[in-house]
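# Observations on the model geometry
Here is what each chain is made of, one letter per residue.
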Amino acid sequence: MSRLISICILFIGCSNSAFAQTGMLEGLLSDKRSTRGFSENATVSLPDLNIGAISDANGHFVILNVPSGVHKVKVECIGYRDTTIAQVSILAGKTTPLNINFPVGCHFLNQKGRRCPYCHREDAAIPLVYGLPDAKTLRMAKRQKVQLSGCMTTGCDPQWYCKRDNKEF
Ligand SMILES: [Zn+2]
């Protein structure tokens, strides 16, 4: 009987120490400009450990049983640029809070109007068009009224094309 009890104690002791070597990562995805969380489901992962979680509609995420130590955290969502936090410290038995700026700001969104940042003129800039062009768009593209830009968008895409500089902005 006493042997059985000591085996039980040993077992509990082991499982406790195993638990104590992991921590929890909990946080919020939110854009700097917004007070609300990121509403689409993003994958928050620790790629080196192959663990992760999906954020909810409020941008909240929880990753359980993260081994203690310093890890890289990556946020991915289709249509947005990935963001990576190089070093996040996880302490055993503790919850590490981590608020992540996501999606990351896009410099193309700062572009106001058609003024070209290279030649500083407006007369050579035409809008970029994404997606499959219809007949009218194709005619406009032929007359260089718009520039076709393919179907791939990343969430951070240029809106204008300068014919003089052959650059997008
Ligand atoms: Zn230009």
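Above this text is the structure in question.
Since the model is a prediction, treat every value here as computed from it, not as a measurement.

## A look at the state of the cysteines
Disulfide: a covalent bond connecting the sulfur atoms of a pair of cysteines. By the definition in use, this model includes one disulfide. Disulfide pairing places Cys-106 opposite Cys-156 at an S-S distance of 2.2 Å. Judged by the torsion about the S-S bond (80°), the Cys-106/Cys-156 disulfide is right-handed. With a gap of 50 residues between them, Cys-106 in the loop between strand S7 (95-100) and strand S8 (125-129) and Cys-156 in the loop between strand S9 (147-148) and strand S10 (160-162) connect regions that are remote in the sequence.

## Observations concerning the pattern of salt bridges
If you walk through the whole model with that rule in mind, you get three salt bridges. Across the salt bridge formed by Arg-121 and Asp-123, the nearest N and O atoms sit 2.9 Å from each other. Residue classification places Arg-121 among the partly exposed residues on the basis of a relative accessible area of 43%. Across the pair Arg-164 and Asp-123 runs a salt bridge, and its minimum N-O distance is 3.2 Å. In this pair, Arg-164 is assigned in the loop between S10 and strand S11 (167-168) and Asp-123 in the loop between S7 and S8, connecting sequence segments 41 residues apart.

## Structural notes on the nonpolar core
Residues Leu-25, Leu-29, Ile-63, Val-73, Ile-100 and Phe-102 are the most contacted members of the largest nonpolar core, which totals 18 residues. Of all the secondary-structure elements, those providing two or more residues to this core are strand S1 (22-29), strand S2 (43-46), strand S4 (60-67), strand S5 (69-76), strand S6 (83-90) and S7. If you tally residues by element for this core, the top one is S4, at three residues. Each residue touching Ile-63, except ones within four places of it in the same chain, is listed here: Gly-23, Met-24, Leu-25, Val-44, Leu-46, Ile-51, Gly-52 and Ala-53. Among the nonpolar cores identified, the runner-up in size contains seven residues, and Ala-124, Trp-160, Cys-162 and Phe-169 belong to it.

About the thresholds
- Residues numbered from 1 in each chain as written.
- Predicted model: local features only at pLDDT ≥ 70, side-chain atom pairs only at ≥ 80, totals over all residues.
- Heavy atoms only, no water.
- Disulfide = S-S within 2.5 Å.
- Helix = DSSP H or I, 4+ residues; strand = E, 2+ residues; numbered from the N terminus.
- Salt bridge = Lys/Arg side-chain N within 4 Å of Asp/Glu carboxyl O.
- Buried < 20%, exposed > 50% of the residue type's maximum accessible area, 1.4 Å probe, protein only.
- Core = buried A, V, L, I, M, F, W, Y, C linked by side-chain atoms within 4.5 Å.
- Contact = heavy atoms within 4.5 Å.

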